[in-house]
Amino acid sequence: MVIIRADSLAHAREIAETDPMHSSGARSFTIRPWLLNEGRITVEVNFSTGRHAVA
């Protein structure tokens, strides 16, 4: 599975069609909308002091 960041499904298709593996016919693709949740959360726990933090 490959996730392509694109402005639209049409743009994603355009990107996939220009991939050499696809344009040569060596591999096929299916375009599906996908929601990729990006971000980060940091949890710090110090067992010796009992200190904890979430950032």
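Anything mentioned here points back to the structure above.
All values derive from a computational prediction rather than experimental measurement. (Residues numbered from 1 in each chain as written. Predicted model: local features only at pLDDT ≥ 70, side-chain atom pairs only at ≥ 80, totals over all residues. Heavy atoms only, no water.)

Peer 1: Looking at this model, I keep getting lost on the overall build of the protein chain. Mind explaining?
Peer 2: From N to C terminus, the protein chain includes two helices and two strands. Taken from the N to the C terminus, the helices and strands of the protein chain come in the order α-α-β-β. Computed over its C-alpha atoms, the radius of gyration of the protein chain comes to 20 Å, more than 25% above the 10 Å expected for a compact globule of 55 residues. Across its three principal directions, the C-alpha atoms of the protein chain cover 60 × 25 × 15 Å. The buried share of the protein chain, reckoned over its 55 residues, is 5%. In the structure as shown, the protein chain presents an accessible area of about 5,300 Å², 54% of it carried by carbon and sulfur atoms. In the protein chain, 6 side chains carry a positive charge and 6 a negative one; their mean positions are 7 Å apart. (Helix = DSSP H or I, 4+ residues; strand = E, 2+ residues; numbered from the N terminus. Rg over C-alpha atoms; globule rule 2.2 N^0.38 Å. Buried < 20%, exposed > 50% of the residue type's maximum accessible area, 1.4 Å probe, protein only. Areas by Shrake-Rupley, 256 points an atom, 1.4 Å probe, with all protein chains shown as cover. Lys, Arg positive; Asp, Glu negative; His and termini not counted. Charge placed at Lys NZ, Arg CZ, Asp CG, Glu CD.)

Peer 1: Is there a simple way to think about the pattern of salt bridges in this case?
Peer 2: When charged atoms on two side chains of opposite charge get close, those side chains can pair. In total, this model carries three salt bridges according to the counting rule given. The salt bridge partner of Arg 5 is Glu 38, with a shortest N-O separation of 2.5 Å. Highlighted residues: Arg 5 in the segment before helix 1 (9–17) and Glu 38 in the loop between helix 2 (20–23) and strand 1 (43–46), separated in sequence by 33 residues. Residue Arg 5 shares its accessibility class with Glu 38, and that shared class is exposed. One salt bridge connects Arg 51 with Glu 44, and the closest N-O pair in it is separated by 3.5 Å. (Salt bridge = Lys/Arg side-chain N within 4 Å of Asp/Glu carboxyl O.)

Peer 1: Just to check I follow, could you spell out the side chain of His 22 for this structure?
Peer 2: With respect to the helices and strands, the residue His 22 is situated in helix 2. With a relative accessible area of 17%, His 22 lands in the buried category. Filtering out sequence-adjacent residues up to four positions away, His 22 remains in contact with Ala 16, Arg 27, Ser 28 and Phe 29. (Contact = heavy atoms within 4.5 Å.)

Peer 1: Looking at this model, I keep getting lost on a nonpolar patch on the surface. Mind explaining?
Peer 2: A cluster of nonpolar side chains, namely Ile 41, Val 43, Val 45, Phe 47 and Val 54, defines an oily patch on the protein surface of about 590 Å² accessible area. Structurally, the position occupied by Val 43 is in strand 1. Given a relative accessible area of 56%, Val 43 falls into the exposed group. (Patch = residues over 30% accessible without salt bridge, like charges linked within 9 Å, V, L, I, M, F, W, Y side chains within 5 Å.)

Peer 1: Looking at this structure, how should I read the environment of Thr 49?
Peer 2: Structurally, Thr 49 is set in the loop between strand 1 and strand 2 (51–54). Separated by 36 residues in sequence, Thr 49 and Arg 13 place their C-alpha atoms 53 Å apart. At 3.2 Å, the side chain of Thr 49 and the backbone nitrogen of Arg 51 are in polar contact. (Polar contact = N/O pair within 3.5 Å; in protein donor to acceptor, adjacent residues only side chain to side chain.)

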